[in-house]
Amino acid sequence: MLLTHAAERALLHKTTAALGVVVCLWLCALSSGCHHDVAVPELTCDMRGVSGDALVVPANAQWVDSGMDVQSGESVTLVAHGRIRHLIPQTEQEIEKSEAGPAGTFFYDDSQGHQEFPLPAAGSGPAPCYCLIGRIGEGRPFFVGDGMSIAAESTGRLYLGVNDFDVSDNTGEFYVEVSKPDTVQPVSFRQDVRRDAPEGLPAAGCSVVVFYVDGLRPDVLEEMSAMHHVPHLTEHFIDGGTHMRNTFTAFPSDTITSNGTMWTGCFSDRHGIKGQIRFSRQRLESESGLDPMGPSRTSRLLRPHGTDKLIHNAQAATVGYFEGNEAEIRWKSSKRTGIPAVYDYLRVEGNDWATGVLPIMTDAPPSMWTRSLARHLPYFQAHQAWQYIDDANAHFAVRHLLNREQPLTVIWLPETDSVSHKYCRGQFGTTRKTIAMADVLVGDVTEELRAQGRLQNTYLVLVSDHGHLGGRKTHLTRYDLVHELFFREREVTADGRWVGGGLGLSVRQHRLENWHTGDTKDKMVYVDGNSDGAARIFLPRGNYQSGDWNGPNRPADLLAYQIAPHLPAVDLPQYIVSSRAVNHAGEEQNPVDLALMKLDDRSILITTADRGQAIIDRRQRKKGGWEYRYTVVDNVRPGANGAAEFDVVENPKTDPLKLLQEVWPQYFTYYHDEEKWLQLTAPTEYPDGVVTLTRHMLWQDHLKVREQEYAPDLVVTARHGWFFGTQNTPGTTHGYPLADAVRATWYLSGPNIRRGARIHEPARLADLTPTILTMASVNTRPEWFEGTVRRTVFATAAAEPSADDTPVHWRDVDLQAWDKLDYAPVPEFDRQPITVNRPGSPWDVNNIAYNALTVGDWSVFRLVDDALAPGKDKKKPVTETVDSIERRGRRSRHKWVAEGTHALNVSEVSLSDYSLTSSGNMYRANGVVDWLQNRGTRLDEKISDKVGRNTVLGAPKVNRAVDGVQDGYWDVYKYVQRLMVEVLDETVLNGLENNVDRAINASRKTPPEILVQ
Ligand SMILES: [Zn+2]
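Residues numbered from 1 in each chain as written. Predicted model: local features only at pLDDT ≥ 70, side-chain atom pairs only at ≥ 80, totals over all residues. Heavy atoms only, no water.

## Considerations on the overall build of the protein
Filter applied, for reference: The helix and strand labels rest on DSSP assignments: H or I over at least four residues marks a helix, E over at least two residues marks a strand, and numbering proceeds from the N terminus. Burial classes: relative accessible area under 20% of the type maximum marks a residue as buried, over 50% as exposed, and values in between as partly exposed (1.4 Å probe, protein chains only).
Along the backbone of the protein there are 29 helices and 40 strands. By residue count, 56% of the 1013 residues in the protein fall in the buried class.

Structure below.
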C-alpha cells in the first residue's frame, strides 16, 4: 500500500468527516419523528388546453351521457384532462395514492386486487384502475384513458365513466373533448427499418447498461406504453430506441437455458445449459438452476473462475495422475463445457461485467447485495424475498454497480416473471402493476446515469429471456403429466389384459418422489417440468426393470419400451401424445403437443397426436455453421441395432410444426441454413422451431461425456391452453416452443441508435452477447458465437432510401384482452407425495435459516425508522435523509468526495457492522484502500508531470501489488462464504427435509396395478 503524507492526512481528514456525517445523520434521525394530522389538499389539475365546451365526467357518476350518437365504423377521438380522488384518504400516505388522472393507475392498493371493475382491472384484467372508460349504447366498456382515437364498434349513444367498482366516495371530475375526425388518428409514428438498410457502427468509448426484465412480453409493453403507463421505458426505448420486433429465445423457453444463450451467444448444444434442473443419471440426483446456489453452479458449468478454477485444475490433475491423461480430459469435460460467457470476453481486456443477482453469476451473491435486499424485505419474511428482488437489484445497481464504470452493467428485474406465474392472468392482470413498478426502477437508474453525466455515453438495452403464454383469452389448464400419465396405476383385467389407467411407474421430480410397491431406487422415471410448458423425461436404459442408468435410451428401445415383462411394449412418444384430459371449459383434449426424441447424432423425431410425425436432420456446412432439413414421415418403428425406421410421406397434407400453412412443400426437399429457417418460421406458431428443437435435443462433440450423464430420453411440450404441473395456478407460464413463449423483448437505445424505429427482420437472443460486446467496443470474431451482431440498429450517414414514418394506431397495439375470464381450477391428483419442503412458508427450515442469516444485514437506519413509526408503507425519514446526503456525495463534482462517499458506504451500516470483521466493514476497508490508491496515483501523476517523468512515487507498481492482494482476498472470502451456504442450505437442510419426506411417504406406497372388471 502506498501511503504518502498527503494521503495519510487525507485519510485522517476523511475519517473525521465520516464520523461527523454519522453523528449528523443520527441527529437528523432523532429530530424527524414528529407526526402531522391528515389535511387533505384540494384536487388541482392543469386546465390548459381544456376548452369551455368540454364534457364534464364527475367521478361519482358511473356513466355520463355524452349527448352524442356515433355510427358503427365512424372515427371518434377523445381527449381527456382532469383529476379525481377515488377514496377519502385516512392517512397522509393515502393522499397521493387516492388520486388519478384519466389514464388511471396500476398502483392500486393490494386490498383492491379482487374487486370487480367495470373494465377488468387490478387482479383480474389489463385495464388501469380509475381510468376514463367509454361505452356505446349497452355495449361493453372500452378503455379511453387520457386520449383515444378509434373506429366505433357499433351504432348508438356514447357514454363515459370512471373505471371504479364503487364511485360513491369519489370526488373531482374528468373533462373530455370528443370529436369526429375524418380518419382514426395514430397514437405514435414508427420508422420501419428496411430489410436492406445499411449497417452502421457504434460510437466509441461507450458502456452498456442492460435492463433484463424477466419474462416481459413485448406486446404487453407496447400496449402499456400506448396507455401512458410506462413513461421511462417509452422515453428510453419505445420512442427513444430501436425495437427488434421478432426476437426469439431458444428451446425450452425457460430462464436458465435462455440465460445460457443470452450470455454466451451460443445455443445449448454448445454451451450445455439444457434446462432449469440438471438430473444426473450417474448419481440419480438433481440440482436446480433456480436454487440459491443455482446461479453460481450454472456459471461454473461454463467455466470455473478464481478459487474454483484452481480447485478444478488440481482435482483434474489428481485424476490424471492416477488414471492417465485421457481420464483427466474426460473428467474435465464432464464438469464444465468450456464455453466463454460475455464476462470472459470483458475480463480478457482487464474489465468485467457488473451485476446484482442474476440467473448466471460468478459471485453468488455479490458482496453487499444481501443488504440491498434486507433494505426492502420485511423482517423475518425470507419466504417473500422473491417479491423484493427488483427493488434490491435496482438499488444495488445505483448504489454499487454504476460507479464501477464497467463496460457492461446488467440489472435483472425478475418479478415480472414470478408474478406472472403465480397471479391471475399474468401480464393481462396482476403483473401490470409489477411492470409499472419496473418502469419506475428503470427511471431511478437512468436518473443516476444522467446525474453522473454518463447517460449520453451509455447504450441502454431492454431485454427479456422469454415471453409468457396464457392469460389473454383463456386461463391455462394444468395437466399432471407426472402423476396422471406415468404414476397412475395400470388397470388390468382378471385375465391379464392392460385396459387403461396410467403406466404405473414410480416417479421422481426435483425434491419430490412417489413410489409404487416393489420398485427400488433405480426403477423410476425422472421428470423435469413442473409448472412449465415443456418437460424432460429420463428412463432406465433398455427397459423399466433394467435399473441401468449408464446413458440415454436408443430410439428403438423407446419405440417399444418394456415397462414390465408380462405387458406388451409401449411406443412411448405415441403413448404420451395420445393422452387425453378435460380442460377447465369441460372439453376433452390432447394436453401434450409435441414429443421429441433424438434419433442419432444428427437427427431428431417429432411426434404429435393430430399432425403426424416429422424428422429434422442437420449437417455441417463447408463454410461453417449448420443446415437443416425437415421431412414429414410416418410408420416410425424400431429398426436394427437400436435405430428407428420410418417411411417418408410424399405429399404431406399436415405436419407437426404446421409449416405447410406458411411454406411451400418443395422447401422440405432441401437443406437450409439457420438464417433461412429463422426467416421461414418466424411468422409460424413455432418460431425458429426447426433450429431450436434440434439444438436442444442434440449435443456437440465436446459435450459427448455430459450427454451420457445428463441427456433426457424424451422431451414433451404442452399444447396451447395447457401446462404441466402438479399444482393449479391462475397465472401464465413458458417453456413451450410456441410464439407467445419464445418471443422475447429486445430494445436498444443510445448514441447512433435509431430512435422510434422497428426492425422486423427476425433475430435471436444468441445475438445479444455479440451485439453488446460490439457496443462496448470489444473486438469479437463471428466464429466465437452462433448469434450475429445486429448492426442495422445503428443509423448511418449513408443515403438511405427514406422510409416514411408508419402511423401506429390503438388497434395495432390493443391486445383485446378486456373480457373477464372465469377461473375454474381442475382437481389435483389425489395421491401426491407429502413434503415438508414449503418454500412459500415462513416455517420452512430453509426460510428460518435465511431469516436468521439476514438479521445481520438489517439496516441500522431502517430499524430507527421502524421504531419511530412502525407499520407498512410508512415514511422512512432517517433512511431517506441518509440516502439523500449520500446521493449528493456520490454525485459530487470532486472525484475524491464521490469516491470517498462510496467507500464509506454509510447508508448500508447494518447490525453486523458492530463487528469489525463484518463483510460490510471488509467492503469499506477494501473501498478505502482503493480510494487511497487513487489519491496516491493522482498525487504521483501531478508530481511526475512537474518533473517530466512517468512516475516518481512508483504508484503503478505499488497499485498492481495492492490490487493483487485485494482480489485474492475477496475471491477466497466469497468462495468460503458460498461453500458455507452450500453446506448449510443444500446438504444439511435439504437433506433433513428429504429424509423426513421419505419417512412420511414410505408407508403410503401403492401397487402399480389394480384389477378392474
Ligand atoms: Zn425467465
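Now that the structure has been shown, we can carry on.
## Overview of a nonpolar patch on the surface
As a reminder of what qualifies: Like charges within 9 Å and nonpolar side chains (Val, Leu, Ile, Met, Phe, Trp, Tyr) within 5 Å are joined into patches, using only residues over 30% in relative accessible area that form no salt bridge. A 1.4 Å probe and the Shrake-Rupley method give the accessible areas. Residues count as covered only by the protein chains that appear here. The salt bridge criterion pairs a side-chain nitrogen of Lys or Arg with a carboxyl oxygen of Asp or Glu, the two atoms within 4 Å.
Taken together, Ile834, Val836, Leu992, Val996 and Ile1000 make up a surface patch of nonpolar side chains, about 340 Å² in accessible area. When you line up the elements, Ile834 lands in the loop between helix 23 (810-813) and helix 24 (845-854). On the basis of relative accessible area, Ile834 is assigned to the partly exposed category, the value being 37%.

## Topic: the environment of Gly52
Note on placement: Gly52 falls in the loop between helix 1 (5-31) and strand 1 (55-58). In this structure the C-alpha to C-alpha distance between Gly52 and Tyr175, which are 123 residues apart in sequence, comes to 9.6 Å.

## Concerning the nonpolar core
Proteins that are soluble and globular tend to have nonpolar side chains buried together. What counts here: Grouping buried Ala, Val, Leu, Ile, Met, Phe, Trp, Tyr and Cys residues that are joined through side-chain atoms within 4.5 Å yields what is termed a nonpolar core. The split into domains, and so the bounds of each, comes from an automatic or database assignment of domains. We call two residues in contact when some of their heavy atoms are within 4.5 Å.
With 131 residues, the main nonpolar core has Val210 and Trp263 as its most contacted residues. Lining this core are residues from two domains, each supplying at least three of them: domain 2 (55-185) and domain 3 (196-268 + 340-469 + 735-769 + 777-813). Dropping the residues within four chain positions of it, Val210 is found in contact with Trp263, Leu408, Thr409, Val410, Ile411, Val461, Val463 and Ile772. Judged by nonpolar contacts, the second largest core, of 74 residues, contains Leu476, Leu539, Ile576 and Ile604.

## A few points about the pattern of salt bridges
A full pass over the atoms with the stated rule returns 61 salt bridges. Arg297 is paired through a salt bridge with Glu287; the nearest N and O atoms lie 4.0 Å apart. Here Arg297 is found in helix 7 (residues 294-302), whereas its partner Glu287 is found in strand 15 (residues 285-288), with 10 residues between them in sequence. Taking the shortest distance from any N to any O, the salt bridge between Glu489 and Arg831 comes out at 2.5 Å. On the criterion of sequence distance, the pair formed by Glu489 in the loop between helix 15 (481-487) and strand 20 (490-493) and Arg831 in the loop between helix 23 and helix 24 is long-range, its members being 342 residues apart. Residues joined by salt bridges that share partners form a network here, namely Asp269, Arg270, Arg618, Glu674, Arg695 and Glu786.

## Overview of helix 26 (residues 877-890)
This is how the line gets drawn: Every helix has an expected span of 1.5 Å times one less than the residues it contains. Directions drawn from the helix axis to the C-beta atoms are what define this arc.
Taking 1.5 Å as the rise per residue, helix 26 with 14 residues should run 20 Å; its terminal C-alpha atoms sit 20 Å apart, in good agreement. If you check which residues of helix 26 are buried, you get Val878, Thr879, Val882, Asp883, Glu886, Gly889 and Arg890. Projected down its long axis, helix 26 carries its buried residues within an arc of 125°, all on one side.

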